[in-house]
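What follows is each chain in one-letter form.
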Amino acid sequence: MRPSLFSYSLIDLRDYFVSQGLAKFAADQVYNWIYRKYNFDFESWPNVSAKVKAHIKNEMDITLPKIVWKGLSEDGTRKFLVQMSDKQTVESVVIPAKNNRLTLCLSTQVGCAIGCTFCHTGTMGLKRHLGAGEIVGQFMAIGSWLLQEEGPETRLTNIVYMGQGEPLHNFDNVKNATIIFMEDHGLCLGQRKITLSTSGLVPQIERLSDFPPINVAISLHASRDDMRTELMPINKVYDLKRLFSAIQKIPLKAHRHITYEYLLIKDLNDGQEDIEGLSRLLPRKVSKVNIIPFNEYPGSKFKRPSDERIIWFQKSLLAKGLITTIRATKGQDILAACGQLKSELETPNLWN
Ligand code: SF4
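Residues numbered from 1 in each chain as written. Predicted model: local features only at pLDDT ≥ 70, side-chain atom pairs only at ≥ 80, totals over all residues. Heavy atoms only, no water.

### What to know about the overall build of the protein chain
Phase 1: Looking only at helices and strands, the protein chain features 11 helices and 12 strands.
Phase 2: Taking 2.2 N^0.38 as the reference for a compact globule, 352 residues should give roughly 20 Å; the C-alpha atoms of the protein chain span a radius of gyration of 21 Å, in line with that estimate.
Phase 3: Overall size of the protein chain, expressed as C-alpha extent along the three principal axes, is 70 × 45 × 35 Å.
Phase 4: Here the protein chain holds 352 residues, and 56% of them are scored as buried.
Phase 5: Partitioning the intrachain contacts of the protein chain with sequence separation of at least 6 by distance along the chain shows that 66% fall at a separation of at least 24. (Helix = DSSP H or I, 4+ residues; strand = E, 2+ residues; numbered from the N terminus. Rg over C-alpha atoms; globule rule 2.2 N^0.38 Å. Buried < 20%, exposed > 50% of the residue type's maximum accessible area, 1.4 Å probe, protein only. Contact = heavy atoms within 4.5 Å.)

Written as structure tokens, this is what we have:
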């Protein structure tokens, strides 16, 4: 299989070109066409030599994953089903926010091995990891579609690794993709613009010092081991004690927080004892709690708490001195909300 052009950091592409007898500076030219101009038609690049073009044509793969379905929610959230070259599909979601922010929720695996009991994706099992070129390709395919269909102002500004898959289970590919997203001569996304969310893979959390310094979110969802194990079987292997000892080793710059995602589920983890538990568990200065009201999906066994309960939960945590936000539910009508991503080609009412 030919190597994907989208799997190379700029430094790696320079080295690769040199190893193939091509000019080092051609890597910068190629990066500029692809990541600055979103132009993937290499024959149309006037400043790139014929030798480099021939190499790309014969030795490399510059095809992007294919968008095979898209859905638009009433709130502006767009959901895409993206097909890789082996026909496997993943879902990616574009979420609009204030100040023209446009966040892309990226998938990092086809399916997921973690099997969280509240998660639609978790019911698929893991099919395979995505390569770095496929992760970057998702971004470029959707970014390019937005530019063409919605105009030059529609630029993706942020990334969250919260789609299908556990990103740290695919550590090296997600790390390489992140380096490519952050490249100054390319997409130039800043470290505060990228967030990686993990279910709590302790050995990989301990390797985060070897990862670009992006935002980290931990899916916590419970303050007690028995309840967390019920929601996230991974807690059997990496319990709260091991998880928090690994979290302490995450290198954090001044004024940065670890975000703790807390899926709020009716009559399960939305009581006073849960507030006390979180208050005991989380260090005040470096923690932020993000409450995610559970999104019900067809067949889900859990329920969403009432709006009053959600607000009470937030206020109670704030009163304990914990910075606490509530994540707005987006894309509910197209099943694009968190935990609802699962390739649904067979579901007719999702098609537009
Ligand atoms: S919530 Fe995330 S880690 Fe858990 S099963 Fe779903 S995709 Fe995997």
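From this point on, the discussion continues.
### Some thoughts on the domain arrangement of the protein chain
Phase 1: Each domain of the protein chain was delimited in the assignment, giving domain 1 (5-59) and domain 2 (66-350).
Phase 2: Using C-alpha coordinates to define each centre, domain 1 is positioned 33 Å away from domain 2.
Phase 3: The partner domain 2 presents 17 residues to the 12 residues of domain 1 that form the contact.
Phase 4: For the domain 1 and domain 2 pair, buried surface summed over both sides reaches about 1300 Å², with 67% attributable to carbon and sulfur atoms.
Phase 5: It is Tyr35, Arg36 and Tyr38 in domain 1 that bury the most area against domain 2; as a group they hold 49% of the surface buried on that side.
Phase 6: For the interface between domain 1 and domain 2, the tally reads zero salt bridges.
Phase 7: Remark: the boundary between domain 1 and domain 2 carries two residue pairs in polar contact (both at pLDDT 80 or more).
Phase 8: Among the elements that line the side of domain 1 that touches domain 2, the one with the most residues is helix 2 (residues 25-36), at four residues.
Phase 9: A breakdown of the residues in the side of domain 1 that touches domain 2 according to their chemical character gives eight nonpolar, two polar and two charged. (Domains from an automatic or database assignment. Buried area = accessible area lost by both parts, 1.4 Å probe. Salt bridge = Lys/Arg side-chain N within 4 Å of Asp/Glu carboxyl O. Polar contact = N/O pair within 3.5 Å; in protein donor to acceptor, adjacent residues only side chain to side chain. Nonpolar A, V, L, I, M, F, W, Y, C, P; charged D, E, K, R; others polar.)

### A few points about the confidence of the model for the protein chain
Phase 1: Averaged over the protein chain, the pLDDT score is 91; the fraction of residues at 70 or greater is 93%.
Phase 2: Counting contacts from residues 343-352, a segment whose pLDDT is below 50, to residues more than four positions away or on other chains yields 19 contacts. (pLDDT = per-residue confidence, 0-100.)

### Considering the sheet that holds strand 2 (residues 78-83)
Phase 1: The strand order across the open sheet built from 10 strands is 1-2-3-4-7-8-9-10-11-12, with neighbouring strands paired in mixed fashion. Of all strands in the sheet, those with a lone pairing partner are strand 1 (66-72) and strand 12 (323-326), marking the two edges. On average, each strand axis in the sheet is inclined to that of its neighbour by 25°, with strand direction left out of account.
Phase 2: With three bridges connecting them, strand 4 (residues 102-105) and strand 7 (residues 158-161) associate as parallel partners. Pairing of Thr103 across the sheet is with Asn158, part of strand 7. (Pairing = 2+ DSSP bridges. Axes fitted to C-alpha atoms, helices over the stretch in contact; angles between N-to-C directions.)

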